[in-house]
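# Per-entry structural report
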Amino acid sequence: MVVILKRNTSKEQTQEIIHWLKELGNIEVNPIYGEHTTILGLVGDTSALDINRVNSNPHIENVKRIQEPYKRANRKFHPLDTVVEVSGRKFGGTELQVIAGPCSVETEEQIIEVAQKVKESGATLLRGGAFKPRTSPYSFQGLGEDGLTLLLKAKKATGMPIVTEIMNINHLPLFEDVDVIQVGARNMQNFEMLKELGKIDKPILLKRGLANTIEEFLMSAEYIMSGGNEKVILCERGIRTFETQTRNTLDISAVPLLKNLSHLPVIVDPSHASGLPWLVEPLSKAAIAAGADGVMIEVHNNPPKALSDGAQSLRPSEFDVIMKKLEKLAEFEGKTIG
Ligand code: PEP
Ligand code: MN
């Protein structure tokens, strides 16, 4: 339920209303102070609340029930875009972020070389997997803790914030210096993990599950947010369809849909969505044109020798060409990269 207050309601009156609403039922009240109006987001069991009674308060303009099962992630709850800031880089608003880097961290030379090259081309954050979710137990599983150490070295060498995936919540203490924690597609509905990530104060990059609906995706964001962590960045990374030409099918309509249903920033991963390096450019452009707040692109210094996802990875020189085009497109959209 959302309660919209009248324009001239004072801070003291607002506090009194919050107190009054809390006494009416077993609910939590989240105030959102806008420039002109204050909105109170009510979560919990609001079914017992009498809408007419709430409406009778002279300082209340309007009361609306939120039908969708996701509340905190809902745009009705929070009409303005949420901006998630990572070391001065903003996800949401008029900035676009480009996260680039290899699928997996492999060696110190590899991650530092890729980090320096993508930074020179204008990437704003560095990605690299240390704990890898692989379909086969016989495939490279990532360097684990050593991979995180190398990623932190690359962060130190370049000053780029880092994004890396968590696979086991017991590893959380290792992620202390990681700037953005990724929850991969395969863990989008690992609810126990989402609950724990809701208790920390770090941005979470939540990737859409391979076969999950938009509502399920937003409910996973809700798990994190209901614990108190509102710093959630959504990532559309392609879904399973009958099509076999691409690794997944990029659901481009998910971008405007998510932006419409939710206030959270949305980015697109064209590398995992397509599995094909030559599709990264058109899909990145499509993402930005559709209103995405950024893209995440796999770049490897030697794709044929990559230990994971080499087939979809761009060479740094190819990434450089794409970045120049994305900068122009960003300008056309009235945005800037970084
Ligand atoms: C990744 O980003 O490295 C990854 C494994 O992606 P996804 O979870 O989308 O498959
Ligand atoms: Mn990958």
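Residues numbered from 1 in each chain as written. Chains lettered and ligands numbered in written order. Predicted model: local features only at pLDDT ≥ 70, side-chain atom pairs only at ≥ 80, totals over all residues. Heavy atoms only, no water.

## Here's the deal with the nonpolar core
Going by this rule: We define the nonpolar core as a collection of buried residues of types Ala, Val, Leu, Ile, Met, Phe, Trp, Tyr and Cys that are connected through side-chain atoms lying within 4.5 Å of one another. Each residue gets one of three labels from its accessible area relative to the maximum for its type: buried under 20%, exposed over 50%, partly exposed in between, using a 1.4 Å probe on protein chains only. For this analysis, residues touch if any pair of their heavy atoms sits within 4.5 Å.
In terms of nonpolar packing, the biggest core is built from 65 residues, with Val118, Leu126, Leu206, Leu234 and Phe319 touching the most fellow members. Discounting chain neighbours no more than four positions away, the residues touching Leu126 are Ile99, Ala100, Gly101, Ile111, Ala115, Val118, Leu151, Ala154, Met160, Pro161, Ile162 and Val163. Counting 14 residues, the second largest nonpolar core, distinct from the first, contains Val3, Ile18, Leu49 and Val54.

## A few points about the site of ligand 1
Cut-off, in case you're wondering: The near set for a molecule or strand comprises every residue that places at least one heavy atom within 4 Å of it. Polar contact is defined as a pair of N or O atoms within 3.5 Å, subject to the rule that within protein one atom must be able to donate a hydrogen and the other to accept it, and that residues adjacent in sequence are counted only when both atoms are side-chain atoms. Under the convention used here, a 1.4 Å probe and the Shrake-Rupley method define accessible areas, while residue burial counts only the protein chains that appear.
Near ligand 1 you find Arg127, Lys132, Pro133, Glu165, Gln182, Gly184, Ala185, Arg186, Lys207, Arg237, His272 and Glu298, and these make up its full shell. At 2.7 Å, a backbone N or O of Ala185 approaches an oxygen atom of ligand 1. Side-chain polar atom of Arg237 to an oxygen atom of ligand 1: 2.6 Å apart, as the coordinates give it. Here ligand 1, which alone exposes 290 Å², has 97% of that area covered by the protein.

## A closer look at the sheet that holds strand β2 (residues 27–33)
Let me state the cut-off plainly: Each pair of strands is called paired provided DSSP finds at least two bridges between the two strands. Where helices and strands are cited, they refer to DSSP runs of H or I of at least four residues and of E of at least two residues respectively, numbered from the N terminus. Axis definition: a line fitted to C-alpha atoms, over the contacting stretch in the case of helices. Angles run 0 to 180 degrees between N-to-C directions.
What the four strands build is an open sheet, ordered β2-β3-β1-β4; its pairing is antiparallel. Edge positions in the open sheet fall to β2 and β4 (60–64), since each of these has one partner strand only. In this sheet, neighbouring strand axes are inclined to one another by 20° on average, regardless of whether the strands run parallel or antiparallel. Relative to strand β3 (residues 38–44), β2 runs antiparallel, the two sharing seven bridges. Residue Glu28 lies in a different strand from β3, and its bridge partner there is Val43. The strands touched by helix α1 (residues 11–24) are β1 (2–5), β2, β3 and β4; relative to β2, the strand with the most contacts, the crossing angle is about 160°.

## Quick look at the domain arrangement of the protein chain
Stated formally: In this entry, domain limits derive from an automatic or database-based domain assignment.
Here the domain parsing of the protein chain yields domain 1 (2–64) and domain 2 (84–337). Measuring from the centre of the C-alpha atoms in domain 1 to the corresponding centre in domain 2 gives 37 Å.

## Remarks on the environment of Asn212
Structurally, Asn212 is set in the loop between β11 (204–207) and α6 (214–226). Put simply, Asn212 and Leu234 are 22 residues apart on the chain and 13 Å apart in space, counted from C-alpha to C-alpha. When neighbours within four sequence positions are excluded, Asn212 is seen to be in contact with Met188, Gln189 and Ile239.

## Section: helix α10 (residues 316–332)
Note the threshold: By this rule the span expected of a helix is its residue count minus one, scaled by 1.5 Å. Comment: arc refers to directions from the helix axis out to C-beta atoms.
Between its first and last C-alpha atoms α10 spans 24 Å; for 17 residues at 1.5 Å apiece the expected length is 24 Å, and the two agree. Every buried residue belonging to α10 is among Pro316, Phe319, Ile322, Met323, Leu326, Leu329 and Ala330, and all of these are buried. Across the axial projection of α10, the buried residues extend over an arc of 125°, all falling on one side. More than 90 degrees from the buried face of α10, the exposed residues found are Lys328, Glu331 and Phe332. Looking at the buried residues of α10, the elements they touch are β7 (95–101), α3 (108–121), α9 (277–289), β14 (294–298) and β15 (336–337). Phi turns positive, to about 75°, at Gly334, one or two residues after α10.

## Here we look at the packing of α9 against α10
This is how the line gets drawn: Any angle from 65 to 115 degrees is called roughly perpendicular, while one under 35 is roughly parallel, one over 145 is roughly antiparallel, and all others are oblique. For any helix crossing, the convention is left-handed if the near helix is rotated counterclockwise from the far helix by under a right angle, and right-handed if that rotation is clockwise. All amino acids are sorted into three groups, where Ala, Val, Leu, Ile, Met, Phe, Trp, Tyr, Cys and Pro are nonpolar, Asp, Glu, Lys and Arg are charged, and the leftover types, Gly among them, are polar.
Contact geometry of α9 with α10 gives a least axis separation of 10 Å together with a crossing angle of 20°. Taken together, α9 and α10 sit at an angle that is classed as roughly parallel. Our pair here, α9 against α10, has a crossing hand that is right-handed. Of the residues in α10, those touching α9 at Val280, Glu281, Ser284, Lys285 and Ile288 are Ile322, Lys325, Leu326 and Leu329. Partitioned by chemical class, the residues of the contact of α9 with α10 number five nonpolar, one polar and three charged.

## Side note on α3
Between its terminal C-alpha atoms α3 stretches 20 Å, which fits the 20 Å expected from 14 residues at 1.5 Å a residue. What α3 keeps buried is the set Gln110, Ile111, Ile112, Val114, Ala115, Val118 and Ser121. Those residues of α3 hidden inside the fold are in contact with β7, β8 (125–127), α4 (145–158) and α10. Among the residues trailing α3, Gly122 stands out with phi positive, at a value near 110°.

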